[in-house]
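Overview (structure and organization)
Each chain, letter by letter, is given below.
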Amino acid sequence: MRSVDRNSDDLIRRHMRVRDGKEILSIIDPIKDKILEARLSGRNEEFGKPALDDIGLKMAEDKLASALLGGSSVLIVCRANPDHVLAVSTLIRGLNLIVKGLQTTRDVVQTSRGALGDDVRRFNLKYFCCRSIAEDPKVDLGLDRELESKPDLIILLDPVCELIPRIKRNQVTADIVTLVTHRGDMPNDVVRVGPRQDKAIVTATKEYTVTAIAHELVLRCRNRLIELLSEHARTQALTAQLKTAGLEVNETFVALSYLCDDMPMAPHVRGIVGCGVDRISRGWTLQPRTSHSRGILCYGLRHLLVESEANYPFTTQQLQMRLIPLFSSVCYSASPETLVECLLADKTKLAQEKASKASFLKAKTYFPSLKHLASLIGANPRINGLSAQDVELLTEYEEREFDNDARLFPIYAERCYAETGKTQLVRSQIDNGLVRCFLRSDYVNVNDVLRDIGFRLGERSAFRFWADAFSGDFLLGANEFSDFKMELDCYLKNCTPNAAFLGAAIIDGPLASSQRVTALAQWLEKQAWGRLFPEPIFEQEFVVRSSSVVMDAHQRFLVDDYCNGNDQCGGAFEMLWRNCAPSHLGRLSAGQIVSVRYRLRTTRDASFSEVYGDVIELEILELGELN
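Residues numbered from 1 in each chain as written. Predicted model: local features only at pLDDT ≥ 70, side-chain atom pairs only at ≥ 80, totals over all residues. Heavy atoms only, no water.

So, about the overall build of the protein. Each helix and strand counted, the protein has 23 helices and 15 strands in total. Put simply, the protein has 627 residues, and 54% of those count as buried. In the protein, 70% of the contacts between residues at least 6 apart in sequence involve partners at least 24 apart. Accessible surface, the protein as shown: approximately 28,400 Å² in total, 49% of it carbon and sulfur. (Helix = DSSP H or I, 4+ residues; strand = E, 2+ residues; numbered from the N terminus. Buried < 20%, exposed > 50% of the residue type's maximum accessible area, 1.4 Å probe, protein only. Contact = heavy atoms within 4.5 Å. Areas by Shrake-Rupley, 256 points an atom, 1.4 Å probe, with all protein chains shown as cover.)

Turning to the side chain of arginine 427, a few remarks are in order. Relative to the assigned elements, arginine 427 resides in strand E7 (residues 423-429). Taking relative accessible area as the criterion, arginine 427 reaches 15% and is therefore assigned buried. Not counting residues up to four positions away in its chain, the partners in contact with arginine 427 are Glu399, Arg400, Glu401, Phe402, Phe409, Val435, Arg436, Cys437 and Phe481.

Considering the arrangement of structural elements, one finds arginine 440 in strand E8 (residues 434-440). In the structure, arginine 440 is positioned 33 residues away from aspartate 473 in sequence and 9.0 Å away in space, judged by C-alpha atoms. Within the local environment of arginine 440, its side chain forms a polar contact with the side chain of glutamate 414, the two groups lying 2.7 Å apart. (Polar contact = N/O pair within 3.5 Å; in protein donor to acceptor, adjacent residues only side chain to side chain.)

On to the packing of aromatic side chains. Taken as a whole, this structure holds 16 aromatic pairs when the rule is applied. Ring centres 4.9 Å apart and planes at 70° place the aromatic pair tyrosine 332 and tryptophan 466 in the edge-to-face group. Pair noted here: tyrosine 332 is in helix H14 (residues 316-332) and tryptophan 466 is in strand E9 (residues 464-467), with a separation of 134 residues, a long-range link. Tyrosine 332 gets classed as buried once you look at its relative accessible area, which sits at 17%. Centre to centre, the rings of phenylalanine 463 and phenylalanine 474 are 5.6 Å apart; their planes meet at 50°, and the pair counts as tilted. Of this pair, phenylalanine 463 sits in the loop between helix H20 (446-457) and E9 while phenylalanine 474 is found in strand E10 (residues 471-477), placing the two residues 11 residues apart along the sequence. Each of the two residues, phenylalanine 463 as well as phenylalanine 474, counts as buried. One residue, arginine 427, lies across the ring of phenylalanine 481, its end atom 4.4 Å from the ring centre. Positioned above the aromatic ring of tyrosine 417, the side-chain terminus of arginine 440 is 4.0 Å from the ring centre. (Phe/Tyr/Trp six-rings, centres within 6.5 Å; stacked < 30°, edge-to-face > 60°. Lys NZ or Arg CZ within 6 Å of the ring centre and 35° of its normal.)

Along strand E3 (residues 153-157), 5 of the 5 residues are buried, which leaves the element largely enclosed by surrounding structure. Along E3, one buried face is formed by Leu153, Ile155 and Leu157 and the opposite face, lined by Ile154 and Leu156, is buried too. Taken together, the 4 bridges between strand E1 (residues 73-79) and E3 define a ladder with parallel strand orientation. Counterpart to isoleucine 76 in the pairing with E3 is isoleucine 155. Sheet topology note: the E3/strand E4 (residues 175-179) ladder contains 5 bridges and is parallel. Its bridge partner lying in E4, leucine 153 is registered against aspartate 175. (Pairing = 2+ DSSP bridges.)

Pairing is parallel in the open sheet, where 5 strands are placed in the order E2-E1-E3-E4-E5. Whereas interior strands pair on both sides, the edge strands pair on one side only; in this sheet they are strand E2 (124-130) and strand E5 (191-193). Across the sheet, the mean angle separating the axes of adjacent strands is 20° when strand polarity is ignored. Sheet topology note: the E4/E5 ladder contains 3 bridges and is parallel. Among the inter-strand pairings, leucine 179 is bridged to a residue of E5, identified as valine 193. Running over the sheet, helix H2 (residues 54-70) touches E1, E3, E4 and E5 and is turned about 110° from E5. Strand contacts of helix H3 (residues 82-103): E1, E2 and E3, with the helix running at about 160° to E1, the strand carrying the most contacts. (Axes fitted to C-alpha atoms, helices over the stretch in contact; angles between N-to-C directions.)

This part takes up the packing of H3 against helix H8 (residues 210-228). For any two helices packed against each other, the geometry is given by the interaxial angle and the distance between the axes. Remark: H3 packs on H8, axes separated minimally by 8 Å, with the N-to-C direction vectors making an angle of 15°. Between H3 and H8, the angle is such that the two are roughly parallel. Here the hand of the crossing between H3 and H8 comes out right-handed. Across from Asp83, His84, Leu86, Ala87, Thr90, Leu91, Gly94, Ile98 and Leu102 in H3, the residues of H8 making contact are Val210, Thr211, Ala214, His215, Val218, Arg222 and Leu225. (Parallel < 35°, antiparallel > 145°, perpendicular 65-115°, else oblique. Left-handed = near helix turned anticlockwise from the far one by under 90°.)

The following block contains the structure:
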């Protein structure tokens, strides 16, 4: 009888949890709908699912599939850029998984009826990363040595102006495939894989990263191989192996590339980023060997997360603030191979060594921590309610001279940008009639700007650069500096008014006490926030009940809702006001009426979670009692 009663009690408790869960969903679902509608109904609606140029993509997949089956040699040429590092890792891992799928069936390898093993095993895949700043690409012999090996297929990742002519000057007979994110033209004898060219360029916004295009090419190559093997004696076994090759592991790299390149969170981008971040979090909860073997979270990325001090559960904001700066710093230190080797490592010891080396390179490189990303995810929204005059100011940039150690360029430019909020162009005269400059901006993609300007200056220019989405270091002739400034002026005037909107904050109004719950806070935490899709900020008035100073710089205080002169008691809500310098405004007093803009956060513990408000702005409306 006791067991029956115990079971009955368990059923009652389970029923109560289900009922309470449904009630909570009915309360917070309208808030979710309102938040999403406010972001999807604006400028974001103009972004549909973009399409690649199908003609170029089909030609590229044919050449790559033929190279795989024929055991050819393929060379990937990239730049020291976070997006390019992820693209190289995507191509190498994806193609190696396909090769493995063509070799693992024993009867296909050993039977005399059309064996694939010998040709596929001869397939050779290498990559070369161009050094744009450290060495002059016109005299650097590294690429020339790679071209001497006579590769059968060359894949160029978003090439700069002089790269294709230089390859042709080496009398290379290989087929050339370019993966580009812009709609510019390529030579007729070069296969172009990129966005369709039938759409006019009206903004600087691009739809794909190089990594996303590389992943699409690998998927199309697999499908093409399935077609080519349809007449093979073991077509059923080969098809099954190719379809289960595990290429989905590269979706995480695509998601990270969108964060690296600061892509606007259009619907298709949000979906990919959200799935990628969720995959990282799921892999983190598994044993390292299990998550690596299942293709959920590779050893290298796991150890890079440890070195970047990112904390579980992972969010888009956390990856942008911690992991992405590690990628940029290592690439700026001219050691992108460290990241590639780490991401492709199949042994946890090797991955740990490469991740530790990447952390060491970041520590000794004079490169900003990219804390400015907080403004893009809305931690401290700089742009809100822009007037036409304000937008015009964003088209300007400040030019500064810097005669100190050139290694301090990035730090100096970042400090100037933090002080003014304007695009910074820092320059310094060096030997041989060259000028070294550093460009820093949040309003345009600096990598795209410098690449496009390089094409306009032409092949004969001394212009060469390193860049990521936010900053770029480049060299050019002193006599070309005025031409560069004219091109930069033109680019900013055409692109910035549209891009400036991407930093605007959206105020999502008040939350009732019944809506400030863990379920809503955790839902907000899991969403993919970024440009065009800022994290929600709630605004309402409260009455302060009590306050305390934390670590001499922050204030923690309890509030009640306040509406129409009434103190709506319903359970105190805790808020945290970071870095508020209490000595300036004084400690908040009981009875004060305050208007607060805040974000809903949750803290996790082994046994419970607590919801609190993370204060963005606070204004005291009425004074209360003195402390």
